[in-house]
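Fold and contact review
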Amino acid sequence: MSLQPMYHHHPPQPRVPRIPDGITAALQGGRRIEFYRELGQAPIDQAEQVLNRWWCEAEMDTDPDQDRIIAAARNATLPTTMADVLRLRRERGGDLPGE
């Protein structure tokens, strides 16, 4: 028996930490207030949904390709399908809602 090196796959770290302070730091101006208001008014069983939605917003806000992606989405030329998004998320070890 020989020793083989162990390689651990570490998914890339998100730009925005998945915590309220991380989300808040990534949002700008009035969007921070909107996030806090929505989170503060959410029933406890819906707080995670609010955090997940706003985390996605914060990730998009900090994406260096944001302008290109938004323009492609508006022009219906975005080359990504939902199937692509789900595949990439699974490959990167991300959980999918409902799984």
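Below, the structure is looked at part by part. (Residues numbered from 1 in each chain as written. Predicted model: local features only at pLDDT ≥ 70, side-chain atom pairs only at ≥ 80, totals over all residues. Heavy atoms only, no water.)

**Some thoughts on the packing of aromatic side chains**
Scanning the entire structure with this criterion turns up 2 aromatic pairs. Taken together, the ring pairs in this structure connect Phe 35, Tyr 36 and Trp 54 into an aromatic cluster. Sitting over the ring of Trp 55, Arg 18 keeps its end group 3.9 Å from the ring centre. (Phe/Tyr/Trp six-rings, centres within 6.5 Å; stacked < 30°, edge-to-face > 60°. Lys NZ or Arg CZ within 6 Å of the ring centre and 35° of its normal.)

**Side note on the packing of helix H2 (residues 30-41) against helix H3 (residues 47-61)**
It is at 10 Å that the axes of H2 and H3 come closest, and there the two elements cross at 165 degrees. With respect to H3, the element H2 is oriented roughly antiparallel. Between H2 and H3 lies a crossing whose hand is right-handed. Residue-level contacts link Arg 31, Glu 34, Phe 35, Glu 38 and Leu 39 of H2 to Ala 47, Val 50, Leu 51, Arg 53, Trp 54, Glu 57 and Asp 61 of H3. Among the residues making up the contact of H2 with H3, the classes are represented as 6 nonpolar, no polar and 6 charged. (Axes fitted to C-alpha atoms, helices over the stretch in contact; angles between N-to-C directions. Helix = DSSP H or I, 4+ residues; strand = E, 2+ residues; numbered from the N terminus. Parallel < 35°, antiparallel > 145°, perpendicular 65-115°, else oblique. Left-handed = near helix turned anticlockwise from the far one by under 90°. Contact = heavy atoms within 4.5 Å. Nonpolar A, V, L, I, M, F, W, Y, C, P; charged D, E, K, R; others polar.)

**Quick look at the side chain of Asp 63**
Tracing the sequence through the fold places Asp 63 in the loop between H3 and helix H4 (66-74). Here Asp 63 is in contact with Arg 15 and Ile 69, once residues within four sequence places are set aside.

**Examining the environment of Cys 56**
Its location among the elements puts Cys 56 in helix H3. For Cys 56, a relative accessible area of 42% puts it in the partly exposed group. When the C-alpha atoms of Cys 56 and Val 16 are compared, they prove to be 9.0 Å apart, with 40 residues separating the residues in sequence. (Buried < 20%, exposed > 50% of the residue type's maximum accessible area, 1.4 Å probe, protein only.)

**Section: the pattern of salt bridges**
Inspection of every chain in the model, using the stated rule, returns 7 salt bridges. Between Arg 15 and Asp 63 there is a salt bridge; the shortest N-O distance is 3.8 Å. Within this pair, whereas Arg 15 is found in the segment before helix H1 (20-26), its partner Asp 63 is found in the loop between H3 and H4, the two being separated by 48 residues in sequence. For Asp 63, a relative accessible area of 17% puts it in the buried group. The residue Glu 57 makes a salt bridge to Arg 31 at a minimum N-O spacing of 2.9 Å. Taken together, the residues Glu 57 in helix H3 and Arg 31 in helix H2 connect sequence positions 26 residues apart. Three or more residues are tied together by salt bridges with common partners; here these are Arg 31, Glu 38, Arg 53, Glu 57 and Asp 61. (Salt bridge = Lys/Arg side-chain N within 4 Å of Asp/Glu carboxyl O.)

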